[in-house]
Amino acid sequence: MENDIHKIYHNSFGIAFQWKFPEQKKKPKKVQLVFRDMGFYLSLVEIKEFYNCIYATKQLETDVCCREDCDKRRIMIKSPSDKVSLAVNETELLQLEDLLKGTLFQLELNDYLNHLCKN
C-alpha cells in the first residue's frame, strides 16, 4: 500500500496522503484524510474550509476541560460536506487541527517549491 500513496503529513491522530494514479495528473489532486475510523477525500479548497470550521469551533469553545469530562465527545465540528458533522473531544479537536494545519502547510510548500523550480 505504501507504494500506492504519497504521504503528505501525519500525526498520532491520523494521516493525509494522495493516491498515486496516472489519471490524477490531468485532474486536480485530492487528498485522503484518515483519522479515527473515518476517511475524507478532499480538495485543497475543502481542506481549507474544514480547517476554518475547526478554527471557528475552537474560538467558540471557551470551557476549560474538566478532568472527568475530558474524554467525552461533546464538541460538534462541521465538515466540508453539509451532510456530515463530527463529534470530538478537546484532544481530538487539537489533533485534527494539527493534522489539517500540517497538511495545508505541506501542500502549499510543495506548490511553492514546484512553482519556484519551474522558473
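Please read these numbers as outputs of a predicted model, since none were measured by experiment.

A.B. asks: What is the right way to read the sheet that holds strand β4 (residues 38–42) from this model?
C.D. replies: Each strand in a sheet pairs with another by means of backbone hydrogen bonds, the pair being arranged parallel or else antiparallel. Spatial ordering of the open sheet is given by β1-β2-β3-β4, a layout of four strands whose pairing is antiparallel. The two strands at the open ends of the sheet, each matched to only one other strand, are β1 (5–10) and β4. Direction aside, the axes of adjacent strands within the sheet are offset by 25° on average. Its contacts with the sheet place helix α1 (residues 44–60) against β3 (31–35) and β4, and it is angled at close to 125° to β4. Taken strand by strand, helix α2 (residues 90–118) contacts β1, β2 (14–19) and β3, and its axis lies near 125° from that of β1.

A.B. asks: Is there a simple way to explain the side chain of Thr57 in this structure?
C.D. replies: Looking at the element boundaries, Thr57 is found in helix α1. You can call Thr57 buried: its relative accessible area is 11%. Ignoring sequence-local partners within four residues, the contact set of Thr57 consists of Ile75, Met76, Ile77 and Leu93.

A.B. asks: What exactly am I supposed to notice about the environment of Asp4 here?
C.D. replies: Within the secondary structure layout, Asp4 lies in the segment before β1. By relative accessible area, Asp4 is classed as partly exposed at 42%. Distance from Asp4 to Phe21, taken between C-alpha atoms, is 7.9 Å for residues 17 residues apart in sequence. Leave out the neighbours within four places in its chain, and Asp4 touches Gln18, Trp19 and Lys20.

A.B. asks: Looking at this structure, how should I read unusual backbone geometry?
C.D. replies: Where the residue is not glycine, phi is negative for most of them; where a peptide bond is considered, it is trans in most cases. Positive phi, normally seen in glycine, also occurs at Arg36, with a value near 50°. The residue Arg36 is located in the loop between β3 and β4 in this model.

A.B. asks: What am I meant to see in the side chain of Asn89 here?
C.D. replies: With respect to the helices, strands and loops of the structure, Asn89 is situated in the loop between β6 (85–88) and α2. Reaching out from Asn89, the side chain makes a polar contact with the backbone nitrogen of Thr91 at a distance of 3.0 Å.

A.B. asks: How should I be thinking about the pairing of β3 in this particular structure?
C.D. replies: Where a strand is regular, its side chains alternate between the two sheet faces. Within β3, four of the five residues are buried, which leaves the element mostly enclosed by the surrounding structure. Of the strand pairs in this sheet, β2 and β3 are connected by four bridges, and their pairing is antiparallel. If you follow Ala16 over to β3, its bridge partner there is Leu33. The pairing of β3 with β4 spans five bridges and is classified as antiparallel. Residue Val34 lies in a different strand from β4, and its bridge partner there is Gly39. The loop that links β3 with its antiparallel partner β4 comprises two residues; one of these, Arg36, has a positive phi angle of about 50°.

Definitions and cut-offs
- Residues numbered from 1 in each chain as written.
- Predicted model: local features only at pLDDT ≥ 70, side-chain atom pairs only at ≥ 80, totals over all residues.
- Heavy atoms only, no water.
- Pairing = 2+ DSSP bridges.
- Helix = DSSP H or I, 4+ residues; strand = E, 2+ residues; numbered from the N terminus.
- Axes fitted to C-alpha atoms, helices over the stretch in contact; angles between N-to-C directions.
- Contact = heavy atoms within 4.5 Å.
- Buried < 20%, exposed > 50% of the residue type's maximum accessible area, 1.4 Å probe, protein only.
- Polar contact = N/O pair within 3.5 Å; in protein donor to acceptor, adjacent residues only side chain to side chain.

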